[in-house]
Amino acid sequence: MNVNQSAPPVPPFGQPQPVYPGYHQSSYGGQPASTAAPTPYGAYNGPVPGYQQTPPPGVSRAPASSGAPPTSTAQGPCGQTAYGQFGQGDVQNGPSSGVQMQRLPGSQPFASAPLAPVVSQPAVLQPYGPPPTSAQVTAQLAGMQISGAVAPAPPTSGLGYGPPTSLASASGSFPNSGLYGSYPQGQAPPLGQGHPGAQLPPRSVPPQASSFTPSVSGGPRMPSMTGPLLPGQSFGGPPVSQPNHVSSPPPQALPPGTQMTGPPGPPPPMHSAQQPGYQLQQNGSFGPARGPQSNYGSPYPGAATFGSQPGPPQPLPPKRLDPDAIPSPIQVIEDDRNNRGSEPFVTGLRGQVPPLVTTNFLVKDQGNASPRYIRCTSYNIPCTSDMAKQAQVPLAAVIKPLARLPPEEASPYVVDHGESGPLRCNRCKAYMCPFMQFVEGGRRFQCCFCSCINDVPPQYFQHLDHTGKRVDAYDRPELSLGSYEFLATVDYCKNNKFPVPPAFIFMIDVSYNAVRSGLVRLLCEELKSLLDFLPREGGAEESAIRVGFVTYNKVLHFYNVKSSLAQPQMMVVSDVGDMFVPLLDGFLVNVNESRAVITSLLDQIPEMFADTRETETVFAPVIQAGMEALKAAECAGKLFLFHTSLPIAEAPGKLKNRDDRKLINTDKEKTLFQPQSGAYQTLAKECVAQGCCVDLFLFPNQYVDVATLSVVPQLTGGSVYKYACFQVENDQERFLSDLRRDVQKVVGFDAVMRVRTSTGIRAVDFFGAFYMSNTTDVELAGLDGDKTVTVEFKHDDRLNEENGALLQCALLYTSCAGQRRLRIHNLALNCCTQLADLYRNCETDTLINYMAKFAYRGVLSSPVKTVRDTLITQCAQILACYRKNCASPSSAGQLILPECMKLLPVYLNCVLKSEVLQPGAEVTTDDRAYVRQLVTSMDVAETNVFFYPRLLPLTKSPIENTTEPPAVRASEERLSNGDIYLLENGLNLFLWVGASVQQGVVQSLFGVSSFSQITSGLSVLPVLDNLLSKKVRGLIDSLRAQRSRYMKLIVVKQEDKLEMLFKHFLVEDKSLSGGASYVDFLCHMHKEIRQLLS
Ligand SMILES: [Zn+2]
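Each chain carries its own residue numbering, running from 1 in the direction its sequence is written. Confidence filtering applies because this is a predicted model: local features only for residues at pLDDT of at least 70, side-chain atom pairs given and counted only at 80 or more, and all residues used for totals across whole chains, interfaces and linings. Excluding hydrogens and water, the side-chain figures rest on all heavy atoms present in the structure.

- UniProt positions are given in the numbering used here, feature names are shortened, and annotations may be inferred rather than shown by experiment. Entered under Sequence similarities (unreviewed entry) in the UniProt record, the comment concerning the protein chain runs "Belongs to the SEC23/SEC24 family. SEC24 subfamily."

Written out as structure tokens, the structure is:
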């Protein structure tokens, strides 16, 4: 176990507990622990409600006794919990001394790292010739290494990475197929239109590309044996079931987590005997993926020889890297599911790496926040900044403070300390949490963040047991759980007044385009019923949220829908330059009270504007009006804007069309991502001050400048949805589904988030949809359960292994019912003095989430190419540091990846190829701005599937098999033309049909008799009464249910024009926009690493 094993100074839980040796639990529930002193707060019976119990009813007081302690406690992997491990008074470092902010070299001004020359052999400059025979990049099962004696590259000084490409792409001419469609829109994807003959700007193809092209064979990929047998291939058994990342220390001297490689030497005699074992890999498996590397090391001493030049006699010199022999995302995901999906993840231990986001698992809160709330790039932080700089692994947490939980897990308990409010450290203001140490018989506590000794208020006093723990520890969520809420007192409220419930204002564009597309009618019809589903709290009968309505084109129309009126009244404000709200009484109303008037209004709006000829719209004044209305009502709230066009009408925030594709790949490309007017930032700031969150639904027929229009949603914690060329018949399902979800979702308003850390590290950078007016407070006009805030940490002092490092995220917000609350998440991490411990406890999915956000922010200020180079350099530095410090000596020809990061190259390549960083010919400027904005708030699961889509074969497994089919790798060579596949990435959903699919299958699924009769681009499957049809439609429903946005289906036939669109998502392949294939990129990374090491 990679947790801090040092015995706590005192047993963490003193109560005798024979039953659960792993986790002393008896004090929960049944025992009369809290008889000593009355607590200000009712019984709270167990630290494991997160797993066992139903959510607490309502809020206010903590739940009443919840009965007996849970019985199915998972075995604690070790006999201690995190509680006792922290500061016994002497452990913290004290206040930090001189702090300086250090940027990682890798995040310095985007510049390619100078590549050290590697000349161990004369390099052959032979750009597209046959691969050097010496080139062999061979995967080795053992220790997940990929060894390859890649022909050394000539020194390349700071050349950007240009993927090895075909001659065609090198010459800059691309097939003029309008490939692209990150956003399949309502209409047929924009294939062939728009950019006839479009040519991509020539991409730089560095001359050295060839040096690792051995792996690039132009011809079809042969799934044949391409190299010597891999050590470990004979290992025919199932993957060793080791929990992800939590590998046991290797038996001998090697640092934990390092790969095991034998010294270069003659091949093991069993070499050819392993032949049969090789077959195991043909289906993309990459060995016992997540087992501890050390398990595979020693039996195969010859491992390292496979990459080295004077290697063993080989039957066939490998021509290319076998795709089956490089780390497979599918295999890693499958292994983690198998190894970690069955046991609940118990959060009692410090520094535990949770299961992957792709694994279904339950969480038991035993003192640390669930990974649903916080995931980290590493759960073991280097003790010093020097170490951190050396490793270049960003230290970041992806925090989703209001994450929704599965029904089996309880929402955080709400603790009410009455008028005294939550208990905090006097100095650093951290909130009471399980890591605070009570001393002096319980009269004082020492802060685990800043070491300050604080008095315990009399009403909070409680005796300590013989272990030094408060006897009521398990009766109080704030002393035993990782996540909980406090009711805030009036001191935490704006203007020292308790908030009134928030309001929703629906602001509908009624210009010509909106009316003609059918949007206005559809929306008004939907709102009539949707208003019954506004978010409500606990068991409330009706929502406390009030609603208001505005329509607009170049003027604004406000509606009085007061319940006493027989008919709604319209008031027009045409002076959009000086926006004011013409009515207060009757604008924001309770839905039930005003139902008749509202229904009448929603009936009338489509009629009133049915014949409009007005095509111009305003935009900023609309937001201004909504914000002013909330200000007048003295409440927070959310604006739902439904907007169609570039706001060119004369008004503040007026925009001009400045789209210019010629800027792509120039130094001015960044301007495409920047807002064109500063007015929107100013407006956003006012919105944040008012707690006015803006959700924007866009329905553009052409460029609308998403980069500028999304500024206010982005800075107010809102969402942006885009439906290009919206047509009711094609897009209503997607739009309505998104709208329903968006309106119903629980939101925290007028929020401030602060992340506190224990001495030694501090939060220095933040990514997400929010506003910051200082360096520490993340201000969110609104925050919903889908939004994440990514926080980066830097050292400001030494950490030590004994104490670890603590994070506390505190979110102050107003609930949907108008209650002011604090949600607290605590997380304890380990600290290490050995780099290997860092590499052993990393989470690549989180790393990629951070790196994507870092890069996507970088494009605002730096050329895209520079951003890409920076990513590559940082990744190479991370892996080179591992190789240098953690891996055992081996041939330089071997690429050795840390087990936890073996997918870093493939995932990073997906980020580099994404539309923001490397747009294809058909990606619009708005698409790129939209994706950039979306990714900023994505959680780890969303970035994972967004960058590496899920490809599911539908017809491979028996039709009766109802479980989700295992995914295959996102590459064309994984597609069989006799099968049907689904591909999804959280935003897009394709059904690919092979040209040789059996007629019976076609009939069952599409209701037509042959492949040729299937309609290409179909978005709805016919409802047919047979097993296959039901199964596929059921699977589509289930995929949609897993994602936060509705994915519209597009049926793609093999060899059809639309297939180009689909192929964009086969991310392991070379992309038409110049993105490298996985194999090529891996070779390139290898070369970069070697250059760093030499
Ligand atoms: Zn403190």
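A look at the pattern of salt bridges
Argument step 1. By salt bridge we mean one thing: a side-chain nitrogen of Lys or Arg within 4 Å of a carboxyl oxygen of Asp or Glu. This structure, assessed with the given rule, holds 50 salt bridges.
Argument step 2. Here the salt bridges do not stand alone but share partners, grouping R404, R741, D742, K745, D784, D786 and K787 into one network.

A few points about the packing of aromatic side chains
Argument step 1. Aromatic contacts are taken between Phe, Tyr and Trp rings whose centres are within 6.5 Å, Trp giving its six-membered ring; a plane angle under 30 degrees counts as stacked, one over 60 as edge-to-face, and the others as tilted. Scanning all chains against the criterion turns up 30 aromatic pairs.
Argument step 2. Taking 5.0 Å as the distance between ring centres and 20° as the angle between the ring planes, the aromatic pair formed by F642 and F697 counts as stacked. Here F642 is found in strand β17 (residues 637-643), whereas its partner F697 is found in strand β18 (residues 692-698), with 55 residues between them in sequence.
Argument step 3. Exposed residues in this analysis have more than 50% of their type's maximum accessible area, buried residues have under 20%, and partly exposed residues fall in between, with area computed by a 1.4 Å probe over protein chains only. With a relative accessible area of 0%, F642 lands in the buried category.
Argument step 4. According to the relative accessible area criterion, F697 is buried, its value standing at 0%.
Argument step 5. One aromatic cluster is present, formed by F642, F697, F699, Y721, Y723, F726 and F735 through successive ring pairs.
Argument step 6. The criterion is that NZ of a Lys, or CZ of an Arg, lies within 6 Å of the ring centre and within 35 degrees of the ring normal, and then a charge sits over that ring. Its end group placed over the ring of F438, R470 keeps NZ or CZ at 4.8 Å from the ring centre.
Argument step 7. Positioned above the aromatic ring of F1011 is the side chain of K1053, whose terminal nitrogen or guanidinium carbon lies 5.0 Å from the ring centre. Secondary structure is summarised from DSSP: a helix means a run of H or I of at least four residues, a strand means a run of E of at least two, and numbering begins at the N terminus for each.

Examining the sheet that holds strand β13 (residues 503-509)
Strand pairing in a sheet relies on backbone hydrogen bonds, with the paired strands running either antiparallel or parallel.
Argument step 1. In spatial order, the strands read β16-β15-β14-β13-β17-β18-β19; together these 7 strands make up an open sheet with mixed pairing. Among the strands making up the open sheet, the edge pair consists of β16 (569-573) and β19 (720-722). Between one strand axis and the next, the sheet turns by 20° as a mean value, whatever way the strands run.
Argument step 2. Note on pairing: two strands pair once DSSP finds at least 2 bridges between them. Relative to β19, β18 is paired through 3 bridges, and the arrangement is parallel. Counted as the bridge partner of L696 is V720 from β19.
Argument step 3. Residue contacts are defined here by distance: any two heavy atoms, one from each residue, within 4.5 Å place the two residues in contact. Angles here are taken between N-to-C directions and fall from 0 to 180 degrees, while the axes themselves are lines fitted to C-alpha atoms, restricted in helices to the stretch in contact. Here helix α11 (residues 620-632) sits on the sheet in contact with β13, β14 (546-552), β15 (556-560), β17 and β18, set at roughly 155° to β17.

Re the environment of G1000
Argument step 1. Following the sequence through the fold, G1000 ends up in helix α22 (residues 999-1006).
Argument step 2. Note: C-alpha distance between G1000 and S1010 (10 residues apart in sequence) is 8.7 Å.

Some details on the side chain of S710
Argument step 1. Mapped onto the fold, S710 is located in the loop between α13 (706-709) and α14 (711-715).
Argument step 2. Other than its neighbours up to four places away in sequence, S710 contacts V720 and Q933.

Brief notes about a nonpolar patch on the surface
Argument step 1. There is a patch of nonpolar side chains on the surface, built from M570, V572 and M608 and spanning about 250 Å² of accessible area.
Argument step 2. As for its placement among the helices and strands, V572 is situated in strand β16. A residue counts toward a patch only above 30% relative accessible area and without a salt bridge, and it is joined to like-charged neighbours within 9 Å or, for Val, Leu, Ile, Met, Phe, Trp and Tyr, to nonpolar neighbours within 5 Å. With residues, only the protein chains shown are counted as cover, and all accessible areas are computed by Shrake-Rupley using a 1.4 Å probe.

Brief notes about the packing of helix α17 (residues 844-858) against helix α19 (residues 904-912)
Argument step 1. Here α17 crosses α19 at 25°, and the two axes come no closer than 10 Å. Comparing their axes, α19 and α17 come out roughly parallel. By crossing handedness, the relation of α17 to α19 is classed as right-handed. From α17, T844, D845, L847, I848, M851 and A852 reach across to α19, where they touch L904, Y907, L908 and V911. For this classification, under 35 degrees means roughly parallel, over 145 means roughly antiparallel, 65 to 115 means roughly perpendicular, and everything else is oblique. Handedness of a crossing is defined here by the sense of rotation of the near helix relative to the far one, left-handed for an anticlockwise turn of less than a right angle and right-handed for a clockwise turn.

Structural notes on the sheet that holds strand β7 (residues 396-399)
Argument step 1. Pairing within the open sheet is antiparallel, and its 4 strands lie in the order β5-β7-β23-β21. Across the chains shown, the open sheet's two edge strands, defined by having one partner strand only, are β5 (374-376) and β21 (761-767). Going across the sheet, the axis of each strand differs from the next one's by a mean of 25°, ignoring polarity.
Argument step 2. In the sheet, β5 pairs with β7 via 3 bridges, with the strands oriented antiparallel. Paired with C376 across the strands is A397, a residue of β7.

Focus on the coordination of the zinc ion
Argument step 1. C425 (SG), C428 (SG), C447 (SG) and C450 (SG) make up the full set of protein donors to the zinc ion, lying at 2.3 Å.
Argument step 2. Within one chain, the residues serving as donors to the zinc ion are arranged as C-x2-C-x18-C-x2-C. Remark: C450 occurs in the loop between β10 (444-446) and β11 (453-455) and C425 occurs in the loop between β8 (414-415) and β9 (437-439); sequence separation between them is 25 residues.
Argument step 3. On the basis of relative accessible area, C425 is assigned to the buried category, the value being 1%.
Argument step 4. With relative accessibility at 9%, the residue C450 sits in the buried group. For Na, K and Ca the donor cut-off is 3.2 Å, while for other metals it is 2.8 Å, and in both cases only N, O and S atoms qualify; water is not among them, so sites may look incomplete.

Some thoughts on unusual backbone geometry
Argument step 1. The backbone phi angle of Q392 is positive, close to 65°, even though this residue is not glycine.
Argument step 2. Structurally, the position occupied by Q392 is in the loop between α6 (385-391) and β7.
Argument step 3. Classification of Q392 by relative accessible area gives buried; the value is 2%.

A look at empty space enclosed by the protein
Argument step 1. Its boundaries defined by the atoms lining it, the largest cavity holds a volume of some 270 Å³.
Argument step 2. Contributing to the lining of the largest cavity are 19 residues, with L934, M938, E942, S1044 and R1045 lying nearest its centre.
Argument step 3. Looking at the lining of the largest cavity, the elements with two or more residues in it are β19 and α20 (925-936).
Argument step 4. Throughout this entry, Asp, Glu, Lys and Arg are counted as charged residues, while Ala, Val, Leu, Ile, Met, Phe, Trp, Tyr, Cys and Pro are counted as nonpolar. The remaining residues, Gly among them, count as polar. Looking at the lining of the largest cavity, its residues break down into 6 nonpolar, 7 polar and 6 charged. Definitions used for this entry: grid spacing 1 Å over protein atoms alone; cavity, a set of points where a 1.4 Å probe fits but cannot get out; pocket, an open set with protein on both sides within 12 Å along at least 5 of 7 lines; lining residue, one with an atom within 4 Å of a point. Grid points are joined across faces, edges and corners, and a volume is the space filled by probe spheres set on the points.

Quick look at the pairing of strand β25 (residues 820-832)
Argument step 1. Taking burial as the measure, the 13 residues of β25 include 13 buried ones, the bulk of the element.
Argument step 2. Along β25, one buried face is formed by R820, L822, I824, N826, A828, N830 and C832 and the opposite face, lined by R821, R823, H825, L827, L829 and C831, is buried too.
Argument step 3. Here 3 bridges tie strand β6 (residues 380-382) to β25, and the two strands are oriented parallel to one another. Bridge pairing in β25 links P382 to C832.
Argument step 4. Bridging between strand β12 (residues 483-487) and β25 involves 5 bridges; their strand directions are antiparallel. Within β25, the residue paired with L487 across the bridge is R821.
Argument step 5. Note that strand β24 (residues 805-814) and β25 share 10 bridges and pair antiparallel. Across the sheet, Y813 pairs through a bridge with R821, a residue of β25.
Argument step 6. Once β24 ends, the chain turns through 5 residues before running back antiparallel as β25, passing G818 with a positive phi of about 95°.

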